[in-house]
Protein chains: 2
Amino acid sequence: MSERYMEQLGRQAAAAKTAVANADTAKKNRVLTRLKEILEAETASILAANAADLQAAATNGMAVAMQDRLRLTEERIRAMGAGLLQVSRLPDPTATTFPPVQLAGSLQCERKIVPFGVIAMIYEARPNVTIDATALGLKAGNAMILRGGSEALATNRALVACVQRALREEGLPETAVQLVERTERSLVGELLRMRRYVDLVIPRGGAGLIRFVVENSTVPVIETGSGICHIYVDAAADLQKAAAIIMNAKTQRPSVCNAVETLLVQESLLPWLATEVAELTAAGVEVRGDAQVCAAAPQAVPATEEDWRTEYNDLILSVRSVPDLAAALRHIETYGTRHSECIITEDPAAQERFLRDVDAAAVYVNASTRFTDGFEFGLGAEIGISTQKLHARGPMGLEALVTYKYCLRGNGEVRGE
Amino acid sequence: MSERYMEQLGRQAAAAKTAVANADTAKKNRVLTRLKEILEAETASILAANAADLQAAATNGMAVAMQDRLRLTEERIRAMGAGLLQVSRLPDPTATTFPPVQLAGSLQCERKIVPFGVIAMIYEARPNVTIDATALGLKAGNAMILRGGSEALATNRALVACVQRALREEGLPETAVQLVERTERSLVGELLRMRRYVDLVIPRGGAGLIRFVVENSTVPVIETGSGICHIYVDAAADLQKAAAIIMNAKTQRPSVCNAVETLLVQESLLPWLATEVAELTAAGVEVRGDAQVCAAAPQAVPATEEDWRTEYNDLILSVRSVPDLAAALRHIETYGTRHSECIITEDPAAQERFLRDVDAAAVYVNASTRFTDGFEFGLGAEIGISTQKLHARGPMGLEALVTYKYCLRGNGEVRGE
């Protein structure tokens, strides 16, 4: 029974994908702007659905921070609309053309940018992802299957009803964007193995969700968002810059993936570190240090091996002293998640070595890791931050949601030996 | 015990990757040209190792076609050397640069092309892949872990010994290219889950191998080489072109992935098809047809559902009659492997619809599917033909073996709200 449900969603998405792929830019943009109007007109019913989700979440003891992510307000719905408008104004990634190349005889080979086809998005109880993923997926010409957190089901139903109305009004199949409305975990497993219908899976959420998808998917995956980010303060650091960058990277928005989780400090800076830890503690940050750090900074509590492997997403910072840049590089190679890494130093050789040898999506010299973001990088939008190296790395905008094919026009050419 | 073996290979590859990534283009090219010389000097010992593999293969009843793929000759070793020289002359993909973009304040963001890191190649008993993969992997700056078919183990040992000598002589760690010398299948499973050390897996071989890798890998995969390719002969076809293209695509080299496996014929052409089937049969092709095809062409034998799903890699062709282009598109969508698909027609509308709606790496109008190849497409080399859409599609050369990262140079910038 459950197999037939997912099979049906997959078949319907595959049947709808050609219509979306062949819709011209103007039509895709009209769907997005129409959706903005519908979301605004339906604000009351969306908020009512969201209130039901929130009530159930409170009853079930959902953490307050998670309830906040689940909560919609008039303002947040307006922000969704603004995002739709913004995506509608971005260039259509499938409009890029390349000049054809002449192969054998008069055989012309042209590389064309095309949508993936069907993209499945698997995420947690954050209803804004429903609209963000829809906007980017449709603009790039893809059909979407959305599987949001079950705690947001009523909200997502209300949002996807608006999406499907916008599709219908513009003459596109409403099955171009479908919500998985059944919440059995086994259905996610099925979705991850529907290679016949699904071209790409993008998980977005915590480490557990990402791991589940990576370990169970036979559909190609782009991993996103797991961020154990480091800042290494080198002996040649400008310590004023260091203090400002560390404070910003840890406290400006601790719940996000580009916040710093571990500070590595060259050991000659331990006296300075004492002041720094005091300031962080005063700002509400719990500092967990190795033995040298704890000896230097009375506010620090002892860190364990587990701390180096933990993405806190909270006002907690682990701090380790290292003898030199090479040791910092080894720590980052061992514990990092290839997201965003930073060195603070005025030494050009150390800067260049760090930029060259750190294997991560974004490598920083003397700036906050918080800049790793699609908007900051000028992509105009973001569907997630890839921490893998295949296809897309770092912040992913529309370009990450298309692929290419070769179109060959011949006149009877055959291949010789 | 086996876990420690693979773990060791992985750790060694990861430790070697920085040296390869940081080797300049001239040094990488010297490794390739030196390897050419060493292969030529060691021809006798390589052929002796290959003779041992061949003798065991014959004793174990390996099919003659597979023995031919396993066999090395002086000429084939010279061809490997020529390939090395060719790759040494290709542009270094990591040398591409992009102008930096200014973000907040004086924060400069530069996108840099970088190697993947460690690439694992899993393939069958074709020793030429050992050298091809080494050449492309190293030129792109990657460390390689090679797992060739166990029937070619002695040959691969001899070849990788040459590779490691070339690396050593040029001052690079010999662990930059390692052969999995133990043949337990469970070791492949371990390799596919070594996400800490391996950045990318490329399987190359038959459908069974590819399926095993896709179903068991948690490391990102680029699938290659599964090719159920179709030719659709439209009512408006030039039948002379059709005959030449079909004969070439089926018989010029039937064992390869870009050979045609299924012919779809618009049903008004059944009278013509009778002649065509006679010609194919005369050329040694077994034709398996649906009921209409068998009624029209006496040489055809009945096809079953299984035939539409089979990549023969042999002188066998399945033939199906279809009422129209839409039915041909549906058949290709259902049974194709997204490799290479062809329409033969003089009707511009049918040409454009086929090019637009067929979801495959290479879509042809009036030319043989046999052109889907890295050399034909001008890549200068080929590590495989991708049938997935993530990262690389169709023939993969050096560009498929690199990724990118963002390097950000700041002066104390922090992010505001």
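These lines cover the structure that appears in this document, whether it is placed above or below.

The rules behind the values
Residues numbered from 1 in each chain as written. Chains lettered and ligands numbered in written order. Predicted model: local features only at pLDDT ≥ 70, side-chain atom pairs only at ≥ 80, totals over all residues. Heavy atoms only, no water. Helix = DSSP H or I, 4+ residues; strand = E, 2+ residues; numbered from the N terminus. Rg over C-alpha atoms; globule rule 2.2 N^0.38 Å. Contact = heavy atoms within 4.5 Å. Areas by Shrake-Rupley, 256 points an atom, 1.4 Å probe, with all protein chains shown as cover. Lys, Arg positive; Asp, Glu negative; His and termini not counted. Charge placed at Lys NZ, Arg CZ, Asp CG, Glu CD. Pairing = 2+ DSSP bridges. Axes fitted to C-alpha atoms, helices over the stretch in contact; angles between N-to-C directions. Core = buried A, V, L, I, M, F, W, Y, C linked by side-chain atoms within 4.5 Å. Buried < 20%, exposed > 50% of the residue type's maximum accessible area, 1.4 Å probe, protein only. Right-handed = clockwise from strand over helix to strand, strands pointing away. Least-squares fit on C-alpha atoms with pLDDT ≥ 70 in both. Buried area = accessible area lost by both parts, 1.4 Å probe. Salt bridge = Lys/Arg side-chain N within 4 Å of Asp/Glu carboxyl O. Polar contact = N/O pair within 3.5 Å; in protein donor to acceptor, adjacent residues only side chain to side chain. Nonpolar A, V, L, I, M, F, W, Y, C, P; charged D, E, K, R; others polar. Phe/Tyr/Trp six-rings, centres within 6.5 Å; stacked < 30°, edge-to-face > 60°. Lys NZ or Arg CZ within 6 Å of the ring centre and 35° of its normal.

1. Concerning the overall build of chain A
Piece 1. Within chain A one finds 15 helices and 16 strands.
Piece 2. Compactness check: chain A gives a C-alpha radius of gyration of 24 Å against a globular reference of 22 Å for 417 residues, within 12% of the reference.
Piece 3. Reported as C-alpha extents along the three principal axes, the dimensions of chain A are approximately 70 × 65 × 40 Å.
Piece 4. Of the contacts made within chain A by residues no fewer than 6 positions apart, 72% connect residues no fewer than 24 positions apart.
Piece 5. For chain A, the accessible area works out to roughly 15400 Å², and carbon and sulfur atoms hold 51% of it.
Piece 6. If the 44 positive side-chain charges of chain A are averaged to one point and the 51 negative ones to another, these points end up 7 Å apart.

2. Examining the sheet that holds strand β5 (residues 177-179) of chain B
Residues and elements named next belong to chain B.
Piece 1. As summarised here, the arrangement of the 4 strands in space is β5-β4-β3-β6, forming an open sheet in which the pairing is parallel. Strands with a single pairing partner mark the edges of an open sheet, and in this sheet they are β5 and β6 (200-204). Each strand of the sheet is rotated relative to its neighbour by a mean of 20°, with strand direction disregarded.
Piece 2. Direction of pairing for strand β3 (residues 118-123) relative to β6: parallel, over a ladder of 5 bridges. In the sheet register, Ile-119 faces β6, and the bridge partner there is Leu-200.
Piece 3. Contacting β3, β4 (143-147) and β5, helix α7 (residues 153-169) crosses the sheet at an angle of about 160° to β5.
Piece 4. Here helix α9 (residues 207-216) sits on the sheet and contacts β3 and β6; the angle it forms with β6, its principal contact strand, is near 160°.

3. Details of the nonpolar core
A general trend in soluble globular proteins is that nonpolar side chains are found buried together.
Piece 1. Ranked by size, the top nonpolar core spans 180 residues in total, and within it Leu-39 and Ile-231 of chain A together with Leu-39 and Ile-231 of chain B carry the most contacts.
Piece 2. Excluding residues within four positions of it along the chain, Leu-39 of chain A makes contact with Ile-46, Ile-77, Met-80, Leu-84, Ile-131, Leu-159 and Cys-162 of chain A.

4. Considerations on the pairing of strand β8 (residues 260-266) of chain B
Residue and element names in this part refer to chain B.
Piece 1. Most of β8 sits inside the fold, with 7 of its 7 residues counted as buried.
Piece 2. Sheet topology note: the strand β7 (residues 229-233)/β8 ladder contains 5 bridges and is parallel. Directly across from Cys-229, in β8, lies its bridge partner Val-260.
Piece 3. Between β7 and its parallel partner β8, the chain crosses via helix α10 (residues 239-251), and the hand of that crossover is right-handed.
Piece 4. Two elements, β8 and strand β11 (residues 316-322), share 5 bridges in a ladder whose sense is parallel. Residue pairing for β11: Gln-266 is matched across the bridge by Val-322.

5. Quick notes on the relation of the copies chain B and chain A
Piece 1. Least-squares fitting of chain B to chain A yields an RMSD of 0.0 Å, with the superposition described by an axial translation of 0.0 Å and a rotation of 180°. Such a turn and shift between the copies fits a two-fold axis. Within chain B, His-391 of chain B has its C-alpha nearest the rotation axis, a separation of 1.9 Å.
Piece 2. Most of the interface of chain B is mirrored in chain A, where 100% of its interface residues are also at the interface.

6. Considerations on the environment of Val-20 of chain B
Residues and elements named next belong to chain B.
Piece 1. Among the secondary structure elements, Val-20 is positioned in helix α1 (residues 2-22).
Piece 2. The class for Val-20 is buried, based on a relative accessible area of 1%.
Piece 3. Once the C-alpha coordinates of Val-20 and Asp-307 are considered, the two residues, 287 residues apart in sequence, prove to be 46 Å apart.
Piece 4. Dropping the residues within four chain positions of it, Val-20 is found in contact with Lys-28, Leu-138, Gly-141, Asn-142, Leu-172 and Ala-176.

7. Here's the deal with the interface of chain B and chain A
Piece 1. Listed per partner, the contact involves 75 residues of chain B and 75 residues of chain A.
Piece 2. Three residues stand out in chain B for area buried against chain A, namely Lys-389, Leu-390 and Arg-415 of chain B, and they jointly supply 13% of the buried area on that side.
Piece 3. The interface formed by chain B and chain A contains 14 salt bridges.
Piece 4. Across the salt bridge formed by Arg-409 of chain B and Glu-352 of chain A, the nearest N and O atoms sit 2.6 Å from each other.
Piece 5. Applying the counting rule to chain B against chain A returns 57 residue pairs in polar contact (both at pLDDT 80 or more).
Piece 6. If you tally residues by element for the side of chain B that touches chain A, the top one is strand β16 (residues 402-413) of chain B, at 11 residues.
Piece 7. Broken down by class, the residue content of the side of chain B that touches chain A amounts to 33 nonpolar, 18 polar and 24 charged.

8. Quick look at the packing of aromatic side chains
Piece 1. The full count for this structure, using the stated rule, is 4 aromatic pairs over all chains.
Piece 2. Relative to Tyr-406 of chain A, the ring of Tyr-404 of chain A lies with its centre 5.8 Å away and its plane at 85°, an arrangement referred to as edge-to-face.
Piece 3. The class of Tyr-404 of chain A is buried, set by a relative accessible area of 11%.
Piece 4. Considering the side-chain rings of Tyr-406 of chain A and Phe-377 of chain B, the 5.0 Å spacing of their centres and the 70° angle between planes classify their relative orientation as edge-to-face. With one member in each of two chains, Tyr-406 of chain A in strand β16 (residues 402-413) and Phe-377 of chain B in the loop between β13 (362-367) and β14 (384-386) form a pair that bridges those chains.
Piece 5. On the accessibility criterion, Phe-377 of chain B (10% relative accessible area) is buried.
Piece 6. Lying across the ring of Phe-98 of chain A, Arg-111 of chain A places its NZ or CZ 5.8 Å from the centre.

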